[in-house]
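# Commentary on secondary and tertiary structure
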Amino acid sequence: MSSSNPVASSPVRVLLVEDDELMRRSFAVALERYGYEVRVAADGLSGLELFRDEEDEEFDLLILDVMLPGLDGIGLCRRVRETSLVPVLMMSARGDGLDVVAGLEAGADDYVVKPVDTFVLVARIRSLLRRAAYAPARASGPAGGGEQPAQGEVLAFGDLVIDTAALEVSVSGSQVALTPTELKLLLEFAASPGIVLERHTLLRNVWDYGWDGDSRVVDLCVQRLRRKLGRERIETVRGFGYKLRR
């Protein structure tokens, strides 16, 4: 297995759903060179069937094209989110604002615009995998991120409780299922309760963007957190960013 693979114990299993045969083959070959184990599907329904059939060995990450025949990538992402919190990366040929918004609202963690360089694609995959394996054990985060909660600490903000050892979140005693990206974003807020975090800070600390990223990924992930935790939990500070209410 290639040393470029971020997981040393076993190959990372990726499901790639792309209808363009040339792109599907080139992406699969490129990812396999980086040590990933890639399964492919040419349409949304085949992708959903393949995803559901892999019960014994679940996929670690899904890459979904937006424009798919039968069931499009956005619909496929919604179906996946009914049963799974697996990281999802969307690909859009147009970079269209509606595609991006719809994909992120459906539960995707991030997106790239085609054509995409293999280096960029692998960087986004590695970022998603780091979030999926995230444990808040570091003593301090990057500048602007505040002190990270100590591993094993239980944080309470009213009826919102975050168990940082079990990586579990509950509201009023009921457990809430969060995707890896949603969980890491919440932990970033919990590290600095009552403090405004700017969008570019969140893009850097949560999405690992080392360049100017699309702030819509932050806005839409915050919207998803509000739907799950309560709209009043995360406050918008217009023109600046967001803060977690104490």
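Structure: see above.
Here's what I pulled together on the structure shown here. (Residues numbered from 1 in each chain as written. Predicted model: local features only at pLDDT ≥ 70, side-chain atom pairs only at ≥ 80, totals over all residues. Heavy atoms only, no water.)

### With respect to the overall build of the protein chain
Assigned secondary structure in the protein chain consists of eight helices and 12 strands. Counting across all 246 residues of the protein chain, residues that qualify as buried make up 51%. Sequence separation of 24 or more characterises 61% of the internal contacts of the protein chain that already satisfy a separation of 6 or more. Per element, the accessible surface of the protein chain, about 11400 Å² overall, is 50% carbon and sulfur. (Helix = DSSP H or I, 4+ residues; strand = E, 2+ residues; numbered from the N terminus. Buried < 20%, exposed > 50% of the residue type's maximum accessible area, 1.4 Å probe, protein only. Contact = heavy atoms within 4.5 Å. Areas by Shrake-Rupley, 256 points an atom, 1.4 Å probe, with all protein chains shown as cover.)

### Observations concerning the packing of helix H2 (residues 44-53) against helix H3 (residues 73-81)
Where H2 meets H3, the closest approach of the two axes is 9 Å, and the angle between their N-to-C directions is 20°. Comparing their axes, H3 and H2 come out roughly parallel. Once H2 is placed against H3, the crossing between them reads as right-handed. Along the contact surface, H2 presents Gly 44, Leu 48, Phe 51 and Arg 52, while H3 presents Leu 76, Arg 79 and Val 80. Among the residues forming the contact of H2 with H3, the class breakdown is four nonpolar, one polar and two charged. (Axes fitted to C-alpha atoms, helices over the stretch in contact; angles between N-to-C directions. Parallel < 35°, antiparallel > 145°, perpendicular 65-115°, else oblique. Left-handed = near helix turned anticlockwise from the far one by under 90°. Nonpolar A, V, L, I, M, F, W, Y, C, P; charged D, E, K, R; others polar.)

### Brief notes about the packing of aromatic side chains
Counted by the stated rule, this structure contains zero aromatic pairs. Here the guanidinium or amino end of Arg 13 rests over the ring plane of Phe 59, the centre of that ring lying 4.8 Å away. (Phe/Tyr/Trp six-rings, centres within 6.5 Å; stacked < 30°, edge-to-face > 60°. Lys NZ or Arg CZ within 6 Å of the ring centre and 35° of its normal.)

### Some points on the packing of helix H7 (residues 199-207) against helix H8 (residues 216-229)
Helix-helix packing is described using two parameters, namely the angle between the two axes and the distance between the axes. Running from N to C, H7 and H8 cross one another at 80°; their axes reach a closest spacing of 9 Å. Looking at the two axes, H7 sits roughly perpendicular to H8. Contact residues: H7 offers Arg 199, Leu 202, Leu 203 and Trp 207, while H8 offers Val 217, Val 218, Asp 219 and Cys 221. Taken together, the residues that form the contact of H7 with H8 break down as six nonpolar, no polar and two charged.

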